[in-house]
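# Overview (structure and organization)
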There are 2 protein chains.
Amino acid sequence: MAFSERITRLKSSLIREILAAAQRPEVMSFAGGLPAEPMLPKVDWSEMPASVGQYGMSEGEPALREKIAAEARALGVPCDASQVLIVSGSQQTLDLASKLFIDPGTEILVEAPTYLAALQSFQLFGANCLSVPQEADGPQLDALRQRLERSKPAFAYFIPTFQNPSAVRYSEAKREAVAALLDEFGVTLIEDEPYRELVFDAGSATPIVSRLKRASWIYTGTVSKTLLPGLRVGYLIASPDLFPHLLRLKQCADLHTNRIGQWQALQWLGSEQYSQHLQALRDFYRVRRDAMQTALERHFGELADWQVPQGGLFFWLTLRQPLDTRTLLDAALAQNVAFMPGEPFFAEPEGNHGHLRLNFSHVAPERLDEGLGRLAEVVRQGQSTQ
Amino acid sequence: MAFSERITRLKSSLIREILAAAQRPEVMSFAGGLPAEPMLPKVDWSEMPASVGQYGMSEGEPALREKIAAEARALGVPCDASQVLIVSGSQQTLDLASKLFIDPGTEILVEAPTYLAALQSFQLFGANCLSVPQEADGPQLDALRQRLERSKPAFAYFIPTFQNPSAVRYSEAKREAVAALLDEFGVTLIEDEPYRELVFDAGSATPIVSRLKRASWIYTGTVSKTLLPGLRVGYLIASPDLFPHLLRLKQCADLHTNRIGQWQALQWLGSEQYSQHLQALRDFYRVRRDAMQTALERHFGELADWQVPQGGLFFWLTLRQPLDTRTLLDAALAQNVAFMPGEPFFAEPEGNHGHLRLNFSHVAPERLDEGLGRLAEVVRQGQSTQ
């Protein structure tokens, strides 16, 4: 069978395999990033008009585009509805951006670590992923400048607010500095913000795209983390030079995003009900984060370092005695604990051993001690047999 | 701005532009292929469980995959649920297949004419589209054999049942012969069947994939033409050698298809209610087809030749005095009539002038005489000024 050349780069997804193994009910899973089931809001479909069943516009529903543009403007993003494209979940933005920019060998810039499904998409299309190390308050600026001086990446893909996996929130100063550097070198920014609304502690969050003066940009968001992921409704907002291409690529990919999900999202965005739901979500996840922090201090205090996440769904642990955390998976699953190894979140996994991503939204607080205790024991065993 | 090389092949869609122009309420549109609004069924969401809002499997909902596999087996397609992938509408199957098979320059085989949005997707990825002329009962077999002897296409993309645009239904003999040729030359078949259930007159319809003994295959269908296109729920069934790659490509493209649409489709497929709805649809469209045939005989009897479609949504007219039908568009729209020129349905538009695709499901029968009368006059004017 003669497949395309890109299929040689189509990797099996480690997280898919872990999640499949974690389906057994006895497994305590810190692996996934699912919203907590009890916090999925009840939604009402009784008022949805029959006309929503017809084919729709590739751009998305006009009223939804207007609402998203208004909310983005309130955040400081200079845009109107004509720049908003409704997509089939944020993953599709990565697919469309890959198609727009990436030929085999095209250089792009990502954080180290970065979102693994973004790496998967960029690498499928053949990107050469250059990376910039992440610090507690955003990328190392010297390294970023060096990268930009030495190469001309087609775009920079950054997740400045509660990054998956590192939970890093860029400081105000780094947001400004990153915008200035991208403007200086004329590099397009793709700013991915799925976790913006899942915030537990106050802090900087004005989007970087709103600070750009010259560079082109794509800003991307979703209702998956705050409303219902099963709707598969996300959006991108793009600078006017990029939008028409992204629209045609969207049309070619799946004609348009499902309209029933768009209709439901429209009922929530900007409503009082949605504000209340977001507040309840934040309160719920804050309690889980705090419980996780307490349990981690007990079981991982001597094994690893981490920052308390101010938003999002994950803790990112750095082992003091690094090892390839992928080698711990089988032992952990044998103890009925699942976690996500850190290596797949790096463009160069081999140089970046010793991180674990732990989700705090799924496992109930009363089971944390048992689960993290077992996981810590697996880490100790792994370290002792190295 | 440095875009990928594929963007040089990303064309503006003529049909998008026509449909936009046809939005004016005074325009009688024969251009689109939308299901008739009055025939969109009323659907009930009250029983949908809240858990459908959570993330789902990339493969699709297990129960829906089972049902689709069972229906396909009843048609003669040898498959089980593990070969079924739920996609975000059939257009996505074309995107996934393009990614699986096409590098710049890859030869593929299509009918002449073929579905224009398939051409758009294949060409975006750089396919060299070889074509085989369509006859009233399917492809010219000599031409097909010649093509297969001279080149080794990555796949053949055929639409054997009520093809869009030509409305051709392959005969039993041609279905057999096509399967035998693809087996002989070991060429993968992509068989696209959106219109299978919109059948007005009995005849051959056993899928070609069910006749293959050796070649790999993808069979693709959708609920868009029979239930609600706004759900964006389609499916593909693939031979086991292709399935795992398509699944990973799906995951990379948008994680999974929206689950609310999948849940709704599951309520209908295989139900008594769905059988009744399909029967009502067929009766409704048969009446519209017959009215269109009568009006066409009156207005186009001397201008063009065509076959009466036995299914689907379109008449395909061949002008006796050919001209580039794209040149008629402005004049038609000025007369408040929209139609779809035939040229974009060919891999080589310039060698294939003189066809019109006319949809019969949208314009009410009582307005046909007025609309087709005006369109015939536009054609006569165009021919006289050539």
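It should be noted that the structure appears before, not after, this text.
This section reports on the structure supplied with the text. Because the structure is a prediction, the values reported are computed rather than measured. (Residues numbered from 1 in each chain as written. Chains lettered and ligands numbered in written order. Predicted model: local features only at pLDDT ≥ 70, side-chain atom pairs only at ≥ 80, totals over all residues. Heavy atoms only, no water.)

### Observations regarding the interface of chain B and chain A
Heads up, the rule is: We call two residues contacting when some pair of their heavy atoms lies within 4.5 Å. Buried surface area refers to the total accessible area, computed with a probe of radius 1.4 Å, that the two partners give up upon joining, counted for both partners together. Salt bridge, as used here, is a side-chain nitrogen of Lys or Arg placed within 4 Å of a carboxyl oxygen of Asp or Glu. Polar contact is defined as a pair of N or O atoms within 3.5 Å, subject to the rule that within protein one atom must be able to donate a hydrogen and the other to accept it, and that residues adjacent in sequence are counted only when both atoms are side-chain atoms. Going along the chain from the N terminus, every DSSP run of H or I of four or more residues is numbered as a helix, and every run of E of two or more is numbered as a strand. Gly falls in the polar group here, along with every residue not listed as nonpolar (Ala, Val, Leu, Ile, Met, Phe, Trp, Tyr, Cys, Pro) or charged (Asp, Glu, Lys, Arg).
In this complex, chain B contributes 66 residues to the contact, which on the side of chain A involves 66 residues. Between chain B and chain A the total buried area reaches about 5700 Å² when both faces are included, carbon and sulfur atoms providing 59% of it. By the criterion of area lost to chain A, the three top residues of chain B are B:Gln54, B:Tyr55 and B:Cys252, representing 12% of everything that side buries. Taken together, chain B and chain A are joined by two salt bridges. We note a salt bridge from A:Asp95 to B:Lys99, for which the minimum N-O separation is 2.6 Å. In this assembly, chain B and chain A are joined by 28 residue pairs in polar contact (both at pLDDT 80 or more). Among the elements that make up the side of chain B that touches chain A, the one with the highest residue count is helix H7 (residues 243-254) of chain B (eight residues). Partitioning the side of chain B that touches chain A into residue classes produces 28 nonpolar, 23 polar and 15 charged.

### Quick notes on the pattern of salt bridges
Worth spelling out the cut-off: Relative accessibility under 20% of the residue-type maximum defines a buried residue, over 50% an exposed one, and the middle range a partly exposed one, all with a 1.4 Å probe and only protein chains included.
Applying the stated criterion across every chain yields a total of 46 salt bridges over all chains. Ionic pairing is found between A:Arg289 and A:Asp201, a salt bridge with its closest N-O pair at 2.5 Å. Of this pair, A:Arg289 sits in helix H9 (residues 272-300) while A:Asp201 sits in the loop between strand E7 (188-192) and strand E8 (217-222), and the two are 88 residues apart along the sequence. Assessed through its relative accessible area of 28%, A:Asp201 is described here as partly exposed. B:Arg259 serves as the salt-bridge partner of B:Glu61, at 2.7 Å between the closest nitrogen and oxygen. Separated by 198 residues along the polypeptide, B:Glu61 in the loop between strand E1 (28-29) and helix H2 (62-75) and B:Arg259 in helix H8 (residues 259-268) bring together distant segments of the chain. Accessibility expressed as a relative area gives 16% for B:Glu61, which makes it buried. Note on B:Arg259: relative accessible area 12%, which makes it buried. Overlapping salt bridges, with partners in common, bring together A:Asp95, A:Lys99, B:Asp95 and B:Lys99 in one network.

### As for the relation of the copies chain B and chain A
What counts is decided by this rule: Here the copies were fitted onto each other by least squares, based on C-alpha atoms from residues at pLDDT of at least 70 in both.
In the superposition of chain B on chain A (RMSD 0.0 Å, axial shift 0.0 Å), the rotation amounts to 180 degrees. Taken together, the rotation and translation relating the two chain copies correspond to the operation of a two-fold axis. The position closest to the rotation axis in chain B is occupied by the C-alpha of B:Trp45, lying 3.1 Å away. Looking at chain B, 100% of its interface residues are interface residues in chain A too, so the copies touch through the same face.

### Details of helix H5 (residues 141-150) of chain A
Side chains that are three or four residues apart share a direction in an α-helix, a result of its 3.6 residues per turn. Residue and element names in this part refer to chain A. Just so we agree on the cut-off: Of all possible arcs, the one meant is that of the directions from the helix axis to the C-beta atoms.
Buried residues of H5: Ala143, Leu144 and Leu148, and no others. Each buried residue of H5 lies within a common arc of 135 degrees when the element is viewed along its axis, so the set occupies one face. What points out from H5, more than 90 degrees from its buried face, is the exposed set Asp142, Glu149 and Arg150. Residues of H5 that are buried in the fold lie against strand E3 (107-112), strand E4 (128-135), strand E6 (155-158) and helix H6 (172-185).

### Section: the packing of helix H7 (residues 243-254) of chain A against helix H3 (residues 90-101) of chain B
Rules: Only C-alpha atoms enter the line fits that serve as axes; for helices the fit covers just the stretch in contact. Angles between N-to-C directions range over 0 to 180 degrees. For this classification, under 35 degrees means roughly parallel, over 145 means roughly antiparallel, 65 to 115 means roughly perpendicular, and everything else is oblique.
Orientation of H7(A) relative to H3(B), taken along the N-to-C sense of each, is 100 degrees, at an axis distance of 5 Å. Between H7(A) and H3(B), the interaxial angle falls into the category roughly perpendicular. Listed contacts from H3(B) to A:Gln251, A:Cys252, A:Ala253 and A:Asp254 of H7(A) are B:Gln91, B:Gln92 and B:Asp95.

### Overview of the sheet that holds strand E4 (residues 128-135) of chain B
Residue and element names in this part refer to chain B. What counts, and what does not: Strand pairing is assigned whenever DSSP detects at least two bridges linking the two strands.
With respect to topology, eight strands assemble into an open sheet ordered E2-E9-E8-E7-E6-E3-E4-E5, the strand pairing being mixed. Two strands lie at the open edges of the sheet, namely strand E2 (84-87) and strand E5 (138-139), each paired on one side alone. Pairing between strand E7 (residues 188-192) and strand E8 (residues 217-222): four bridges, direction parallel. Of the residues in E8, the one forming a bridge with glutamate 191 is tyrosine 219.

### Quick word on the nonpolar core
Using the following cut-off: Residue types Ala, Val, Leu, Ile, Met, Phe, Trp, Tyr and Cys, when buried and joined through side-chain atoms within 4.5 Å, form a set referred to as a nonpolar core.
Core analysis: the largest hydrophobic core is formed by 277 residues, its most contacted members being A:Phe122, A:Phe300, B:Phe122, B:Phe300 and B:Leu358. Top contributing element to this core by residue count: helix H9 (residues 272-300) of chain B, with nine residues.

### Some thoughts on unusual backbone geometry
Each neighbour pair has its own omega, and for A:Ala112 with A:Pro113 the value is 5 degrees, a cis peptide bond. One can find A:Pro113 in the loop between E3 and helix H4 (116-124). For the peptide bond that leads from A:Asn164 to A:Pro165, omega is 20 degrees, which places it in the cis range. Positive phi values are uncommon outside glycine, yet A:Asn336 reaches one of about 60 degrees. Mapping A:Asn336 onto the fold places it in the loop between helix H10 (329-334) and strand E12 (337-338). In the Ramachandran plot, B:Arg232 falls in the positive-phi region, its phi being about 55 degrees despite a non-glycine side chain. Summarising the element assignment, B:Arg232 is placed in the loop between E8 and strand E9 (234-238). You can call B:Arg232 buried: its relative accessible area is 3%.

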